[in-house]
Amino acid sequence: MSNKIFINSTSYEVRIALVEDEHLAEFHLQRPSEKGLVGNIYRGRVVKVLPGMQAAFIDIGLERMGFLYVSDIYVIPSPSNVTHSVNYKQPSDDTHIETLLSEGQDITVQVVKNPIGTKGARLTCHITLACRNLVFMPLTEHIGISRKIQDEEIRMALKERIEILRPGETGFIVRTVAENATMEELEADMEFLLLLWDEIKDTSQKTSNIPRIIYEDLDITFRSVRDLFTEEVHSLTLDDHDTYEKLLGFARTFVPKLQDRIFLYQEAMPLFEAHGIDSAINKALEKKVWLRSGGHIIIETTEALSVIDVNTGKYVGEHDLEETIFKTNMEAVTEIAYQLRLRNIGGIIVIDFIDMEQEKHKEELYRSFLEAVKKDKSRINILKLSEFGIVQMTRKRCYENLSQMMCEPCHHCAGEGVVKSRKTICYEIFRTLSRKTKHNNMNVTLTVHPQIADSLYNEEKTVINQFKTDLGKELNIVCNDNFHIEHYEIDWNT
C-alpha cells in the first residue's frame, strides 16, 4: 500500500491530506480563526451545576461554556498539591455531581470534543498528554496497549517495558505506532511527557486570572507528524518553506528515522491540484456517492444523527434479485467505511441497507463491515443488522465533519435542502393577487425570478389569461435575475 501525506500551508489556512493507494483517505483543515481546542488544558470556573443532568457548565474563557459530566470528574486537589504521583479516584456510579462541584469553584479541565453546532466544548478531568509512542495519564495507574496491536507477545513485552520505566502511580497508553519501538524510544517519550506535566503544573500554580489556558496542544501540522506520519507513510510533501524547516526540526527530535521522507514541493501547479486532492474534496461534499456496479448511497447528516441509504440505482444484476441486492450491499459496506473516515462523520449513524432474505448474506455483510472499518482510528461500535435491514453504529466525534467545516446553510433554502416548487409559488402568487385586487381597480406589475416567469408564461398561461378576464386587470410580468426563486414583488399601478 502506497501512503502519502500532503500539506498545503498558507497564512490563512492549513490543509492536510492522507492519501492511501491514490485515494484520499483523510482530510484535515485548520484556519487561524477556527483553531481546534481538543487537547488544550484550562483552569476554569464552575458556572452552573445541573443535578438533573448530572453535568456542570464550566467557563474556560470561550464564547460558549464547556460542559462536564459527572463521569468525567476527578476530585482534584488544589494546584499546589498536584504531583504526577497522585492517584485520583473517579466518582462511583451513585455519586452526585452536586457533592463534587459547586458554583464558583476553580477546576482544571481538558477539552476532549470541540464545540460543534450549538454545543460548547466537552470537558474532562481525565488529563492525557500525547507523544509519538505514548499517551501519558498522570492521574491514574493504568497501563493500556492499543487495541490495534494484536500480537499477544508484543503486547506483553510492551507492558513489561512500561512497568520498568514508569514512575509509581502514573498511567500510560502505548500507541499503535509504538509496536516496534525500542526501550530507548519509549524512555525518551516518557521523559518528555513527565517534564511537560511538571511544566503544566507549574503554570497552573501561577495562574491567577481564571479562566485561563494553561496548556495548548500541538497545531495541526505537528499533530500530523505525531499521529499520521508512520512507517507505512512513504512521503510527506508540503509547499511552504518555513513550515518545511520547522517540520524537519520536529521530525529530527521525534521521528528521526523518517525525516528523509519529508519533501518540499516547489512546482508551479498548486500541490493539491497536482495530485487531484481538490477534486476529491469537492466530491466528498456531495450527498450521492456512486458505486462501481451502478448502485449508490445517499448520505444525510444532522447535528446529532447521520443517515445513509443504500440503493441499487442503475445496477440490475445478472442472475437473481437476491444476488443483485447482496452485491450492492457489499459494495456499499466498503464505500461507507471509506466515507465515514474521509468525511469524519461521527455520533449516531443509521445505515439502511437493502433488505436481504438469506441469513448467511446478513452475517457476511456484518463481518465485512467490521473488517472495513479497521483502518479507522476513531472508536467505533457497530450493531448487527436488524430485521428491517438497518445497521446502527456510533463513531467517536471530536471534530466537526467535513460538511460542517466547509459548508454553511443554503441562503436560498435556509438549510432545508429544498425550496418551494415553481407551481406552488405560482399558485401562491395567484392567491395573493386575487385577495388584493378585489377591492381596487388598479393594474398590476409582477416582478419574479426568471424561472417563475417562464412557468407563468407557459404552464400557467391559461390561468393568467383567465385571471385577466375575470378581474378585468392588466398584468405585467417582469423578470429579475437577482431574486430568490421564492421571492416576488407586486406593484399596484393606477
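Provided above is the structure to which this section pertains.
So, here is what we can say about the structure in this document. Bear in mind that the values here come from a model prediction, so they are computed numbers and not experimental data.

Across the eight residues that make up strand S3 (residues 23–30), a large majority, six, are buried. As paired elements, strand S2 (residues 14–20) and S3 share seven bridges and run antiparallel to each other. By the bridge assignment, glutamate 20 is partnered in S3 with histidine 23. Once S2 ends, the chain turns through two residues before running back antiparallel as S3, passing aspartate 21 with a positive phi of about 50 degrees.

The next subject is the side chain of threonine 328. As for its placement among the helices and strands, threonine 328 is situated in helix H7 (residues 321–343). In this structure threonine 328 comes out as buried when scored by relative accessible area, which is 0%. Polar contacts involving the side chain of threonine 328 include one to the main-chain carbonyl oxygen of threonine 324, which spans 2.9 Å. Ignoring anything within four residues of it in the chain, the contact list for threonine 328 reads Leu291, Val310, Asn311, Thr312, Tyr315 and Ile354.

Running from amino to carboxyl end, helix H3 (residues 220–227) crosses helix H4 (residues 241–254) at an angle of 40 degrees, the nearest separation of the two axes being 11 Å. Here H4 runs oblique to H3, going by the angle between their axes. Of the two possible hands of crossing, H3 and H4 adopt the one that is right-handed. Here H3 contributes Thr221, Phe222, Val225 and Arg226 to the contact with H4, which in turn contributes Thr243, Lys246, Leu247 and Phe250.

Cut-offs used in this document
- Residues numbered from 1 in each chain as written.
- Predicted model: local features only at pLDDT ≥ 70, side-chain atom pairs only at ≥ 80, totals over all residues.
- Heavy atoms only, no water.
- Buried < 20%, exposed > 50% of the residue type's maximum accessible area, 1.4 Å probe, protein only.
- Helix = DSSP H or I, 4+ residues; strand = E, 2+ residues; numbered from the N terminus.
- Pairing = 2+ DSSP bridges.
- Polar contact = N/O pair within 3.5 Å; in protein donor to acceptor, adjacent residues only side chain to side chain.
- Contact = heavy atoms within 4.5 Å.
- Axes fitted to C-alpha atoms, helices over the stretch in contact; angles between N-to-C directions.
- Parallel < 35°, antiparallel > 145°, perpendicular 65-115°, else oblique.
- Left-handed = near helix turned anticlockwise from the far one by under 90°.

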